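Overview (structure and organization)
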Amino acid sequence: MSSEDAQQDGTGGAAEGRTVRVVLVDDHRMFRTGVQAEIGETGRTGVEVVGEAADVDQALTVITATHPEVVLLDVHLPGGGGVEVLRRSATMMSDAERPVRFLALSVSDAAEDVIGVIRGGARGYVTKTITGTDLVDAIFRVADGDAVFSPRLAGFVLDAFASSDAPPIDEDLDRLTQREREVLRLIARGYAYKEIAKQLFISVKTVESHVSAVLRKLQLSNRHELTRWAAARRLV
């Protein structure tokens, strides 16, 4: 079977012998059951559903306990919504070695919902009309650090950042060396330190030194703040 055939069958991950660990967060049990049935046959799809949650507190408990690669996150949840889950998961999202990445999966296609979770740190946003095959593909892409959006929703994100009040390239960015800027962009795109080292042909220790220098020069505290800083300046 070709890789294209595998993707059409929803077996891309399984065909490659790879598994992505996923947590489902949605307050509708029947919807979670349906998603589990659609994508959770690990041998066929390569997706392993390792936990479920119905509200913000449950989500944090399950995500902390299982540390999945991807969380499928509904926007509207009891306890503060998807944005609150993202806010309280900032440390796990910024984990250099094993980042937890979030893909919003919602019935809503409202611009404010899309922008809210993307600003919160989600790597993508798809609506519940997505097919099982496309959802599996989106999960693997997000696990790899890509950003994934339903076609219509991508425009909301572009428009939002185009109209951002954050300044363009400025004196803060000018303080960084060219290498520090390269590391900054890769960190903001979700790359792990080992991936950055391989791509830039430098050691992991050197990557760590560059990240420390960037955080110090920009007066930021962690990787999550750095990612938001870069996104606001359209550097990602």
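For the structure, see preceding data.
Conventions and cut-offs
- Residues numbered from 1 in each chain as written.
- Predicted model: local features only at pLDDT ≥ 70, side-chain atom pairs only at ≥ 80, totals over all residues.
- Heavy atoms only, no water.
- Pairing = 2+ DSSP bridges.
- Helix = DSSP H or I, 4+ residues; strand = E, 2+ residues; numbered from the N terminus.
- Contact = heavy atoms within 4.5 Å.
- Axes fitted to C-alpha atoms, helices over the stretch in contact; angles between N-to-C directions.
- Buried < 20%, exposed > 50% of the residue type's maximum accessible area, 1.4 Å probe, protein only.
- Core = buried A, V, L, I, M, F, W, Y, C linked by side-chain atoms within 4.5 Å.
- 1 Å grid on protein atoms, 1.4 Å probe; cavity = no way out; pocket = protein on both sides within 12 Å on 5 of 7 lines; lining within 4 Å.
- Points joined across faces, edges and corners; volume = space filled by probe spheres on them.
- Nonpolar A, V, L, I, M, F, W, Y, C, P; charged D, E, K, R; others polar.
- Left-handed = near helix turned anticlockwise from the far one by under 90°.

Here we come to the sheet that holds strand β4 (residues 101-106). Spatially, the six strands line up as an open sheet ordered β2-β1-β3-β4-β5-β6, and their pairing is parallel. Looking along the sheet, the strands with just one partner apiece sit at the ends: β2 (47-53) and β6 (148-149). For β4 and strand β5 (residues 124-127), the ladder comprises four bridges, and the chain directions are parallel. Counterpart to Ala104 in the pairing with β5 is Tyr125. Contacting β1 (20-25), β2, β3 (70-73) and β4, helix α3 (residues 29-39) runs over the sheet at an angle of about 170° to β2. Sheet contacts for helix α5 (residues 56-66): β1, β2, β3 and β4; angle to β2, the most-contacted strand, approximately 140°.

A few words on the pairing of β1. A large share of β1 lies buried, amounting to five of its six residues. As paired strands, β1 and β2 are joined by six bridges and run parallel to one another. The residue of β2 that forms the bridge with Val23 is Gly51. Two elements, β1 and β3, share four bridges in a ladder whose sense is parallel. Within β3, the position partnered with Val25 by the bridge is Leu73.

All right, on to the nonpolar core then. In this structure, Val25, Ile63, Val71, Leu73, Val85, Phe102 and Val117 are the most contacted members of the largest nonpolar core, which totals 25 residues. Elements that contribute at least two residues to this core include exactly β1, α5, β3, α6 (81-88), α7 (90-93), β4 and α8 (111-120). The dominant element in this core, judged by the number of residues it contributes, is α5, at five residues. With near-sequence residues (within four places) excluded, Phe102 lies in contact with Ile63, Val71, Leu73, Val85, Leu86, Ser89, Met93, Ala122, Arg123, Gly124 and Val142. Core analysis: the next-biggest nonpolar cluster, separate from the first, contains 22 residues, Ala96, Ile187, Leu215 and Trp229 among them.

For the structure shown, the criterion picks out one cavity of 30 Å³ or more. When its volume is computed, the largest cavity comes out at roughly 50 Å³. Lining the largest cavity we find Leu24, Val25, Asp26, Phe31, Arg32, Val35, Leu72, Leu73 and Leu105. Elements with a contribution of two residues or more to the lining of the largest cavity: β1, α3 and β3. For the lining of the largest cavity, the class distribution of residues is seven nonpolar, no polar and two charged.

Between α5 and α6, whose axes approach to 9 Å, the crossing angle comes to 35°. Seen along the crossing, α5 lies across α6 with a hand that is right-handed. Counting all contacts with α5, which are made through Val56, Asp57, Ala59, Leu60 and Ile63, the residues of α6 involved are Gly81, Glu84, Val85 and Arg88. A class-by-class count of the residues in the contact of α5 with α6 yields five nonpolar, one polar and three charged.

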